[in-house]
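Structural characterization, general
Residues per chain, in single letters:
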Amino acid sequence: MNVLQVPDPGLKIVCKPVLTLDLEALKRIVEMFEEIKKPSPSSRGGPRGIGLAATQVGWDARLFVMNTALTPQGERLYVNPEVTWSSKEQSVGLEGCLSVPGADVLVSRSRWIRAKAQALTGFKIRTAVDSGLLALDLSVTETQMSGIDARCFQHELDHLQGITILDRGKPVRPGPAN
Ligand SMILES: [Zn+2]
């Protein structure tokens, strides 16, 4: 799977809402889960990432995958995500991005958010792909998030608006684009 890197203009698009998820779309989503699980090329070890937005793989769709728990049970897809409330209290943290390789950026984000989306587990998606059946419940859920979940959700939502961490701050370690 090809992940776009800055300054690719594809990273600047504002993605369109998702109306349906067909089998082809679900297969792509499974590939996105696989992409972030790949080992990190850096000395930090561990998986490459904890989130990936459709924008980053050249797909004009308002959806992203997250796996902050780094477990198979932690795989989540968020379709048509929104932040419905965010705390005034901010937290500053280092963020990396598969589209900005080698660079870490200090980004200030809301410490708590309420997030609304059509959320699905990776397990349900993989089961649907394996069986070729698309009996997926795409009802909207709203959840409160904090910590790494809130940070990752806001980072990925930024991607769907054409915003990367380089629009949020200066790299602590410069990436190849700089
Ligand atoms: Zn990113």
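Above this text sits the structure in question.
Owing to the predicted nature of the structure, the values given are computational and were not obtained by experimental measurement.

**Let's talk about helix α1 (residues 23–37)**
For α1, which comprises 15 residues, the first-to-last C-alpha distance of 21 Å matches the rise-based estimate of 21 Å (1.5 Å per residue) to within 8%. The complete set of buried residues in α1 reads L26, I29, M32 and I36. Axial view of α1: buried residues confined to an arc of 105°, hence all on one face. Structural note: α1 exposes L23, E24 and E34 on the side pointing more than 90 degrees away from its buried face.

**Topic: the sheet that holds strand β1 (residues 51–53)**
Read from one edge to the other, the open sheet built from 5 strands follows the order β1-β2-β3-β6-β7, with strand pairing classed as antiparallel. Across the chains shown, the open sheet's two edge strands, defined by having one partner strand only, are β1 and β7 (140–146). Direction aside, the axes of adjacent strands within the sheet are offset by 40° on average.

**Some thoughts on the pairing of strand β3 (residues 76–86)**
By the bridge criterion, 4 bridges tie strand β2 (residues 63–66) to β3 in an arrangement that is antiparallel. Paired with F64 across the strands is Y78, a residue of β3. Summarising the sheet, β3 and strand β6 (residues 112–121) pair through 8 bridges and their orientation is antiparallel. Opposite S86, over in β6, you have I113 as the bridge partner.

**What about the packing of α1 against helix α2 (residues 122–131)?**
In the contact formed by α1 and α2, the axes pass within 9 Å of each other and the chain directions differ by 130°. Here α1 lies oblique to α2, going by the angle between them. Taken as a pair, α1 and α2 cross one another with a handedness that is left-handed. Here L23, L26, K27, I29, V30 and F33 of α1 lie close against α2, whose contacting residues are G122, I125, R126, A128 and V129.

**Overview of the nonpolar core**
By size, the foremost hydrophobic cluster in this structure holds 29 residues, and its most contacted members are L63, F64, V65, M66, L77, Y78 and F153. Secondary structure elements with two or more residues in this core: α1, β1, β2, β3, β6, α2 and α3 (147–160). Of all the elements, α3 adds the most residues to this core, at 5 residues. Not counting the four nearest positions on each side in its chain, F153 is found in contact with M66, I113, A115 and M145.

**Description of the environment of E156**
With respect to the helices and strands, E156 occurs in helix α3. Given 23 C-beta atoms within 10 Å, E156 falls into the buried group. Measuring from C-alpha to C-alpha, the distance between E156 and L63 comes to 8.7 Å, with 93 residues separating the pair along the chain. With near-sequence residues (within four places) excluded, E156 lies in contact with G51, A53, F64 and M66.

**A look at α3**
The terminal C-alpha atoms of α3 lie 21 Å apart, and with 14 residues this matches the ideal 20 Å at 1.5 Å per residue to within 8%. Within α3, 11 of the 14 residues are buried, which leaves the element mostly enclosed by the surrounding structure. Along α3, the residues that are buried comprise D149, A150, R151, C152, F153, H155, E156, L157, D158, H159 and L160. Positive phi shows up at G162, right after α3, with a value of about 80°.

Analysis parameters
- Residues numbered from 1 in each chain as written.
- Predicted model: local features only at pLDDT ≥ 70, side-chain atom pairs only at ≥ 80, totals over all residues.
- Helix = DSSP H or I, 4+ residues; strand = E, 2+ residues; numbered from the N terminus.
- Expected span 1.5 Å × (residues − 1).
- Buried ≥ 20, exposed ≤ 12 C-beta atoms within 10 Å, placed from the backbone.
- Arc of directions from axis to C-beta.
- Pairing = 2+ DSSP bridges.
- Axes fitted to C-alpha atoms, helices over the stretch in contact; angles between N-to-C directions.
- Parallel < 35°, antiparallel > 145°, perpendicular 65-115°, else oblique.
- Left-handed = near helix turned anticlockwise from the far one by under 90°.
- Contact = placed C-beta atoms within 7 Å.
- Core = buried A, V, L, I, M, F, W, Y, C linked by C-beta atoms within 7 Å.

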